[in-house]
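Read off the chains here:
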Amino acid sequence: MDPIWTTTVLLVPCVVVLTAGFFYLYGVIVGLLSKTSVHNKVVVLSDALSGLGKECASVFHKGGARLILCGKNWEKLEELADDLANAADPSVTFPPKLVLLDFGDMGSMPEAIEEILECYGCLDILILNSSMKVKAPAQRLSLEMDKLLMDNNYFGPVTLAKGLYVSVSGVLPSMISRRTGHLLLVNSIQGKLAVPFRTAYAASKHAVQAFFDCLRAEVEEYGISVSTINHTFISSCVSDNRDAASSKSIWSLLYTKKPCGVSPDEAVAEIVKTLNNKKKEVLIAPSLPKVAIYARSFFPNVFFAVMAAGVKDAAVSEQM
């Protein structure tokens, strides 16, 4: 038998076994980290019904967290709670609390915040993963849509963090009084980098990024951690994948790490690591978007030229 063929036959099973072993160890490590970071802690998910929210809920529930699951649809929240209960040992987990929360309806926020605080009387971790996306030229977006985006992506998360306007009741006052807590914002890379046709979306993401960057320094003396995780996009539906695959403009490359973006389980693994090491800022992106962020700071004219070229390229593609 050919020695090369023999070597190949022997190596392939070894590679397969080593790869399988690596993924197994990775899963075990993530599981252990999730248990140490959230065990017995009160964790709020602002959008438990998204792909990322469901993955977080599953990992944290198995890790022994006292979950407060928030979302816009009560029936879907109940379904999620049932799925979590059926997938875990009830003797070592806590039944999730459910709260209706809609950042698009700011009038309902006082009642929702009060209900969240009444679940356990305190909070340890607040994960702000809600988001609303719109893609359109600026002149086609109404001011009503701009306001709705700001409510969902800025005013909603900020109100939940700060509390009820002039009232002392809120997540942040509760954490300050206990001198402990962790606020984690899951934000888009557009909180750092703006691209064409996302004027209102990028503005809302920049605003919420700036708020939590400022807040981090303000609450450090109280033992409260503030972390931000910026990603390209979370793959949660087939349409996202189709949009990414069909986009041909130059600046569309800023979004794609791979055709399906950042998967929910990858994002959750990063969230678990951040909760453990209390890292202040995390960027989940391939090399090109990271280069673009630095280019925007150090070579702005080059960056603006590339953005303009991308718009022209998109216009030509639409005409063809």
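Higher on the page you've got the structure.
Note that the structure is predicted; figures quoted are calculated from it, not measured. Note that residues are indexed from 1 along each chain, following the sequence as it is written. Local features in this predicted model are restricted to residues of pLDDT 70 or higher, and side-chain atom pairs are both shown and tallied only at a pLDDT of 80 or more, whereas totals for entire chains, interfaces and linings draw on every residue. Hydrogen atoms and water are omitted, and side-chain values are computed over all heavy atoms in the structure.

Undergrad: How do you make sense of the sheet that holds strand β6 (residues 224-231) when you look at a structure like this?
TA: Strand pairing in a sheet takes place through backbone hydrogen bonds and is either antiparallel or parallel in direction. Any two strands with at least two DSSP bridges between them are considered paired. By definition, any uninterrupted DSSP run of H or I lasting at least four residues is a helix, any uninterrupted run of E lasting at least two residues is a strand, and each is numbered from the N terminus. What the 7 strands build is an open sheet, ordered β3-β2-β1-β4-β5-β6-β7; its pairing is parallel. Each edge of the open sheet is held by one strand with a lone partner, namely β3 (97-100) and β7 (281-284). Sheet twist, expressed as the average angle between the axes of neighbouring strands with direction ignored, equals 15°. Direction of pairing for strand β5 (residues 181-188) relative to β6: parallel, over a ladder of 8 bridges. Comment: axis = line fitted to C-alpha atoms, over the contacting stretch for helices; angle = value between 0 and 180 degrees taken between N-to-C directions.

Undergrad: Mind showing me how you'd approach a nonpolar patch on the surface here?
TA: A surface patch of nonpolar side chains, amounting to about 570 Å² of accessible area, comprises Y294, F298, F299, V302 and V306. Broken down by secondary-structure element, the contributors of at least two residues to the nonpolar patch are α10 (287-298) and α11 (300-319). For F298, the location among the structural elements is in helix α10. Put simply, a patch holds well-exposed residues, over 30% relative accessible area, that have no salt bridge, with like charges counted together within 9 Å and Val, Leu, Ile, Met, Phe, Trp or Tyr side chains within 5 Å. Residue burial considers only the protein chains on display, and all accessible areas are found by Shrake-Rupley using a 1.4 Å probe. Whenever Lys or Arg places a side-chain nitrogen within 4 Å of a carboxyl oxygen from Asp or Glu, that contact is recorded as a salt bridge.

Undergrad: What is the right way to read the packing of aromatic side chains from this model?
TA: Each pair of aromatic rings is reported with the distance of its centres and the angle of its planes. Stacked, tilted and edge-to-face are the three classes applied to pairs of Phe, Tyr and Trp rings, where Trp contributes its six-membered ring and a pair requires centres within 6.5 Å; stacked means planes under 30 degrees apart, edge-to-face means over 60, and tilted covers the rest. Taken as a whole and assessed by the stated rule, the structure comprises 4 aromatic pairs. Ring centres of Y154 and F155 lie 4.9 Å apart, and the angle between their planes is 70°; this geometry places the pair in the edge-to-face category. The buried label applies to any residue whose accessible area, calculated with a 1.4 Å probe on protein chains only, is under 20% of its type's maximum; exposed applies above 50%, and partly exposed to all values in between. F155 gets classed as partly exposed once you look at its relative accessible area, which sits at 41%. The interplanar angle of 65° and the centroid separation of 6.0 Å between the aromatic rings of F303 and F304 together place this pair among those described as edge-to-face. Overall, the relative accessible area of 6% leaves F303 in the buried class. The exposure class of F304 is partly exposed, given its relative accessible area of 40%. An aromatic cluster is defined as three or more aromatic residues linked by ring pairs; in this entry it consists of Y154, F155, F211 and F212. Criterion for a charge above a ring: Arg CZ or Lys NZ at most 6 Å from the ring centre, at most 35 degrees from the ring normal. Against the face of F94 rests R66, its NZ or CZ located 4.0 Å from the ring centre. Over the ring of Y120 we find K97; its NZ or CZ atom is 5.5 Å from the centre of that ring.

The values are spatial; any link to function lies outside them.
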